Amino acid sequence: MKDIQMVDLKGQYQHIQEEIDNAVLDVVRSTAFINGPEVKGFQDDLEAYLGVKHVIPCANGTDALQIAMMALGLQPGDEIITPNFTFIATVEVIALLGYKPVIVDVDPKTFNMDPEAVRKAITPKTKAIVPVHLFGQCADMDAMAAIAAEHNLFVIEDTAQAISSEYRKADGAVQKAGTMSDFGCTSFFPSKNLGCFGDGGALYTNNDDLAEAARQIANHGMKVRYYHDFVGINSRLDSMQAAILRVKLRHLDAYCNARIAAADYYDAAFADLKGVTTPHRDPKTTHTFHQYTLVLDGIDRAGLQKHLSDQGIPAMIYYPVPLHLQKAFLNLGYREGDFPVTEDLCKKVISLPMHTELDENQLQHITHAVRQFIQP
Ligand SMILES: *Cc1c(COP(=O)(O)O)cnc(C)c1O
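Enquirer: Can you help me understand the pattern of salt bridges in this one?
Expert: When the charged atoms of two side chains with opposite charge come close together, those side chains can pair. In the structure shown here, the tally under the stated rule is 19 salt bridges. Taking the shortest distance from any N to any O, the salt bridge between R119 and E150 comes out at 3.2 Å. In this pair, R119 is assigned in helix α6 (residues 115-121) and E150 in helix α7 (residues 141-151), connecting sequence segments 31 residues apart. Since its relative accessible area comes to 31%, R119 is described here as partly exposed. Connected via shared salt-bridge partners are E38, D45 and R246.

So this is what it looks like as structure tokens:
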């Protein structure tokens with residue numbers, strides 16, 4: 001059996017090695033390393049794939065969030081609501097730009113931002129909400145859109161973990177994650193569902209003015225070369241990464257199907273285990289399983305992790321510490337007990353290996369090992 005990893009980047013590369021190597025070599029030979037034709041090519045391909053008017057490539061997913069917030073023209077002290085149970089990037093960028101992060105709890109089943117909690121957190125200073133489509137499943141975008149319309153708020157979707165997931169809106173329209181709001185922000189970090197071979201990111205929007213603003217911000221506030229209209233940043237996707245992403249985008253649907261098949265296998269194998277909750281699948285959204293995450297009740301999580309590790313199976317805790325208890329955010333004044341759902345999840349979740357290369361032998365080995373530790 002092949003070694004089991006959380007994410008098998010090598011195995012994935014080997015299947016498309018010739019395509020990738022050729023694409024990379026073409027860029028090397030062209031020496032068009034920055035803003036080469038591959039960047040525009042990838043942008044066009046991704047726009048077509050997502051069904052969105054504008055894709056703005058940038059250097060990473062965190063930058064994408066920063067550029068989006070800058071493009072919306074928010075002012076220092078404006079409040080932005082974002083979920084607690086997620087990676088730090090959303091709340092980090094809000095704080096970095098001088099806005100006020102307002103953290104809210106999540107839904108215990110989907111792990112996504114709880115609309116009721118958002119409603120309660122709104123004040124006259126609230127200007128935007130940033131739902132995160134966690135682990136591959138869209139947040140409740142019908143509810144987010146209703147709240148935003150009611151209170152005149154911007155919406156930025158963090159779709160770093162859910163590129164290609166689809167959401168069925170109340171009116172029946174089906175849209176890709178990140179295309180349902182003012183901006184979608186994504187990451188092409190290597191382990192993401194569409195990963196490049198370094199750092200990369202992008203914003204999406206259907207709004208022409210916002211697209212132009214985002215492009216200019218990402219390019220030193222410059223529209224005409226060496227004429228700077230405001231203070232921007234330097235955030236580019238390089239040509240080599242774009243060339244790699246163009247190849248991998250052609251395989252993205254197959255990659256998602258492989259993840260979903262692995263999740264189906266896990267679900268079936270764990271269905272009868274007491275104290276184990278398998279990932280909830282919200283019928284309004286596809287789940288593209290960036291992570292496959294169990295919630296354990298009354299089960300020794302560290303013991304399970306060690307038992308798996310002893311059999312060559314990695315397992316990770318995403319996320320071990322709620323954002324409001326991170327040292328970096330103690331100044332926000334939150335306390336232990338303020339966010340019971342997130343605090344509980346941080347103690348109970350465990351993520352199993354999830355990637356495009358898991359084969360039946362590996363899945364059998366993993367599920368067997370879990371079932372040795374947890375009885376039905
Ligand atoms: C990975 C990730 C980011 C940041 O992406 P980078 O490319 O690493 O900057 C932001 N939000 C979420 C939810 C992520 O998982």
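Still more ground to cover, so stick around.
Enquirer: In this structure, what is going on with the pairing of strand β8 (residues 183-187)? I would like to understand it.
Expert: On a regular strand, one side chain projects to one face of the sheet and the next to the other, so that they alternate. Of all five residues in β8, five are buried, a share of seventy percent or more. Alternating residues of β8 divide into F183, C185 and S187 and G184 and T186, and every residue in both groups is buried. Sheet topology places strand β5 (residues 154-158) next to β8; three bridges connect them, and they run parallel. Within the sheet, the bridge partner assigned to I156 lies in β8 and is F183. Relative to strand β9 (residues 201-205), β8 is paired through four bridges, and the arrangement is antiparallel. Looking at the pairing, C185 lines up with L203 of β9.

Enquirer: What's the story with helix α12 (residues 340-348) in this structure? I'm lost.
Expert: In an α-helix there are 3.6 residues to a turn, and that puts residues three or four apart on one side. Of all the residues in α12, the buried ones are T342, E343, L345 and C346. The buried residues of α12 occupy an angular sector of 165° when projected down its axis, which confines them to one face. Facing away from the buried side of α12 by more than 90 degrees, the exposed set consists of P340 and K347. If you follow the buried residues of α12, they end up packed against β11 (292-296), α11 (301-310) and β12 (349-352).

Enquirer: Please explain the side chain of R259 as it appears in this structure.
Expert: As for its position among the elements, R259 is in helix α10 (residues 252-270). No salt bridge is formed by the buried R259; the nearest opposite charge belongs to E357, separated by 8.7 Å. At 3.0 Å, the side chain of R259 and the backbone oxygen of F289 are in polar contact.

Enquirer: For this particular structure, what's the right way to read the packing of aromatic side chains?
Expert: Here the distance between the centres and the angle between the planes together describe a pair of aromatic rings. Counting across every chain of the model gives 12 aromatic pairs. A ring pair is formed by F85 and Y319, whose centres lie 5.9 Å apart and whose planes are at 85°; its orientation type is edge-to-face. Taken as a pair, F85 in the loop between β2 (79-83) and α5 (89-96) and Y319 in the loop between α11 and α12 lie far apart in primary sequence, 234 residues in all. Note on F85: relative accessible area 1%, which makes it buried. With 5.2 Å between their ring centres and 70° between their planes, Y334 and F339 make a pair best called edge-to-face. We classify Y334 as partly exposed; its relative accessible area is 22%. Within the aromatic cluster, the residues linked to one another by ring pairs are F85, F111, F135, Y318 and Y319. Against the face of Y49 rests K176, its NZ or CZ located 4.8 Å from the ring centre.

Enquirer: Would you explain the sheet that holds strand β10 (residues 276-277) in this entry?
Expert: Each strand in a sheet pairs with another by means of backbone hydrogen bonds, the pair being arranged parallel or else antiparallel. A sheet is described by the order of its strands in space; here three strands give the open sequence β10-β11-β12, paired in antiparallel fashion. Sheet topology places β10 and β12 at the edges, where each strand pairs with a single neighbour. With four bridges connecting them, β11 and β12 associate as antiparallel partners. Bridged to T293 within β12 is S351. Set on the sheet, α10 makes contact with β10, β11 and β12; between it and β11 the angle comes to about 20°.

Enquirer: Can you walk me through the environment of V174 in this structure?
Expert: Within the secondary structure, V174 sits in strand β7 (residues 174-176). Residue classification places V174 among the partly exposed residues on the basis of a relative accessible area of 40%. Separated by 111 residues in the primary sequence, V174 and T285 place their C-alpha atoms 9.1 Å from one another.

Enquirer: Is there a simple way to think about the environment of P314 in this case?
Expert: Its location among the elements puts P314 in the loop between α11 and α12. Its relative accessible area of 25% is what places P314 among the partly exposed residues. Along the primary structure P314 and I366 are separated by 52 residues, whereas in three dimensions their C-alpha atoms are 9.5 Å apart. Non-local contacts of P314, meaning those with residues more than four positions away in its chain, are made with I4, Q5, M6 and P353.

Enquirer: Explain the site of the ligand here, please?
Expert: Near the ligand you find N60, G61, T62, T86, F87, A89, V132, D158, A160, Q161, S187 and K192, and these make up its full shell. Side-chain polar atom of N60 to an oxygen atom of the ligand: 3.4 Å apart, as the coordinates give it. The contact in question runs from an oxygen atom of the ligand to an N or O atom on the side chain of K192, over 3.2 Å. Coverage of the ligand by the protein chains reaches 91% of its 380 Å² of free accessible surface.

Enquirer: Help me understand the domain arrangement of the chain, please; the structure alone is not making it clear to me.
Expert: Note on interface size: it is often stated as the accessible area lost on association of the parts. When cut into domains, the chain gives domain 1 (9-249) and domain 2 (252-374). Inter-centroid distance (C-alpha atoms) of domain 1 to domain 2 is 24 Å. The interface is formed by 46 residues belonging to domain 1 together with 35 residues belonging to domain 2. Here domain 1 and domain 2 share an interface that buries about 3600 Å² over both sides, 58% of which is from carbon and sulfur atoms.

Cut-offs applied
Residues numbered from 1 in each chain as written. Predicted model: local features only at pLDDT ≥ 70, side-chain atom pairs only at ≥ 80, totals over all residues. Heavy atoms only, no water. Salt bridge = Lys/Arg side-chain N within 4 Å of Asp/Glu carboxyl O. Helix = DSSP H or I, 4+ residues; strand = E, 2+ residues; numbered from the N terminus. Buried < 20%, exposed > 50% of the residue type's maximum accessible area, 1.4 Å probe, protein only. Pairing = 2+ DSSP bridges. Arc of directions from axis to C-beta. Contact = heavy atoms within 4.5 Å. Lys, Arg positive; Asp, Glu negative; His and termini not counted. Polar contact = N/O pair within 3.5 Å; in protein donor to acceptor, adjacent residues only side chain to side chain. Phe/Tyr/Trp six-rings, centres within 6.5 Å; stacked < 30°, edge-to-face > 60°. Lys NZ or Arg CZ within 6 Å of the ring centre and 35° of its normal. Axes fitted to C-alpha atoms, helices over the stretch in contact; angles between N-to-C directions. Near = heavy atom within 4 Å. Areas by Shrake-Rupley, 256 points an atom, 1.4 Å probe, with all protein chains shown as cover. Domains from an automatic or database assignment. Buried area = accessible area lost by both parts, 1.4 Å probe.

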